[in-house]
Amino acid sequence: MKKLVLFKKRWLLVLSLGILFSCKVTLISEYDEITDKKITELQEKTSTVLSQLEDEIGKDNYENYKKFYQEVRADLNTLEIRANAIDKNQITINHIAILKSSYDTLESLHKQKINSLEELNIIKSAFNTSFIALVKLQMAKKQGKTN
Amino acid sequence: MEQVDFKKMLKDMLGVAKTEFSDYWKEVKPYAEKELKSFLDNVKLIAKLKLKNTINEEQAKLHMNLQINSMRMVFLTIEGLGLLAVQSAINSMIDIARNTVNTAIGWTIL
């Protein structure tokens, strides 16, 4: 009887350790290939438009770019829906919300005309920093490490 | 504009970042430092454009909003990198414990 109790206790311990050690701890969402692809596409689209604007400094050309802003909004909505569907993805959700605000700001600046190359370079720098931040986190998730 | 001490501002900002991300500061310091420097360079340029009247006050505010947004993106990424580091450390410890128990039992049970 004593042996049976000891046997049961040992198995209970092994079972408890099994439950404890069998699951991986997840603090942040895993890498998502579609999110990564969509971010890269949006970055390329933005980069192309900002390069085009270089040749049109000082021109009142907002009307010609309305379609770009519409497309970007649609892309960001797609990204937002996908990001919200993934567990523990709050950082990417916040990233996308900030990016939305940045495109609204870009649109407001564009409506008022971009008057110098220096001004455009500041805008480019902000978007580059933002996309590097987004891509850096996606790459780290893919590699599963911090740097 | 001459009155703004950008070097001190960078030092103070890095100090805050170091405190906030102390556990993994060593890994993220080069990235944070580079982006904060770039942020301050852009802030200087916005101030210069405003002083030259190349941009008006509203445009200056919009430009500042873009720069602040980009820094918010950077700090969110640093937070994410920190979570990944903690997650990786916890899972590595679990792996060690699992291997130790499996070796002790003699079976691959966990």
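Provided above is the structure to which this section pertains.
Here the structure is a predicted model, which means the values were calculated and not measured.

Some words on the packing of aromatic side chains
Then, number 1: Evaluated as defined, the whole model comprises six aromatic pairs over all chains.
Then, number 2: Centre to centre, the rings of Phe68 of chain A and Tyr69 of chain A are 5.0 Å apart; their planes meet at 65°, and the pair counts as edge-to-face.
Then, number 3: Given a relative accessible area of 7%, Phe68 of chain A falls into the buried group.
Then, number 4: Residue Tyr69 of chain A is classed as buried on the basis of its relative accessible area of 2%.
Then, number 5: In textbook terms, an aromatic cluster arises when at least three aromatic residues are bridged by ring pairs, as seen for Tyr62, Phe68, Tyr69, Tyr103 and Phe127 of chain A.
Then, number 6: The ring centre of Tyr31 of chain B lies 4.6 Å from the NZ or CZ of Lys136 of chain A, which sits over that ring.

Observations concerning the interface of chain B and chain A
Then, number 1: Every contact between the two is made by 47 residues of chain B and, on the other side, 46 residues of chain A.
Then, number 2: Between chain B and chain A the total buried area reaches about 4,100 Å² when both faces are included, carbon and sulfur atoms providing 69% of it.
Then, number 3: Summed over the shared surface of chain B and chain A, the result is three salt bridges.
Then, number 4: With its nearest N and O atoms 3.3 Å apart, the salt bridge here joins Glu118 of chain A to Lys48 of chain B.
Then, number 5: Viewed at the interface, chain A and chain B are joined by 15 residue pairs in polar contact (both at pLDDT 80 or more).
Then, number 6: Taken together, the elements giving at least two residues each to the side of chain B that touches chain A come down to α2 (25-51) and α3 (57-105) of chain B.
Then, number 7: Element by element, the count of residues in the side of chain B that touches chain A is highest for α3 of chain B, at 31 residues.
Then, number 8: Of the residues that constitute the side of chain B that touches chain A, the class distribution is 23 nonpolar, 15 polar and nine charged.

Quick notes on the rules
- Residues numbered from 1 in each chain as written.
- Chains lettered and ligands numbered in written order.
- Predicted model: local features only at pLDDT ≥ 70, side-chain atom pairs only at ≥ 80, totals over all residues.
- Heavy atoms only, no water.
- Phe/Tyr/Trp six-rings, centres within 6.5 Å; stacked < 30°, edge-to-face > 60°.
- Buried < 20%, exposed > 50% of the residue type's maximum accessible area, 1.4 Å probe, protein only.
- Lys NZ or Arg CZ within 6 Å of the ring centre and 35° of its normal.
- Contact = heavy atoms within 4.5 Å.
- Buried area = accessible area lost by both parts, 1.4 Å probe.
- Salt bridge = Lys/Arg side-chain N within 4 Å of Asp/Glu carboxyl O.
- Polar contact = N/O pair within 3.5 Å; in protein donor to acceptor, adjacent residues only side chain to side chain.
- Helix = DSSP H or I, 4+ residues; strand = E, 2+ residues; numbered from the N terminus.
- Nonpolar A, V, L, I, M, F, W, Y, C, P; charged D, E, K, R; others polar.

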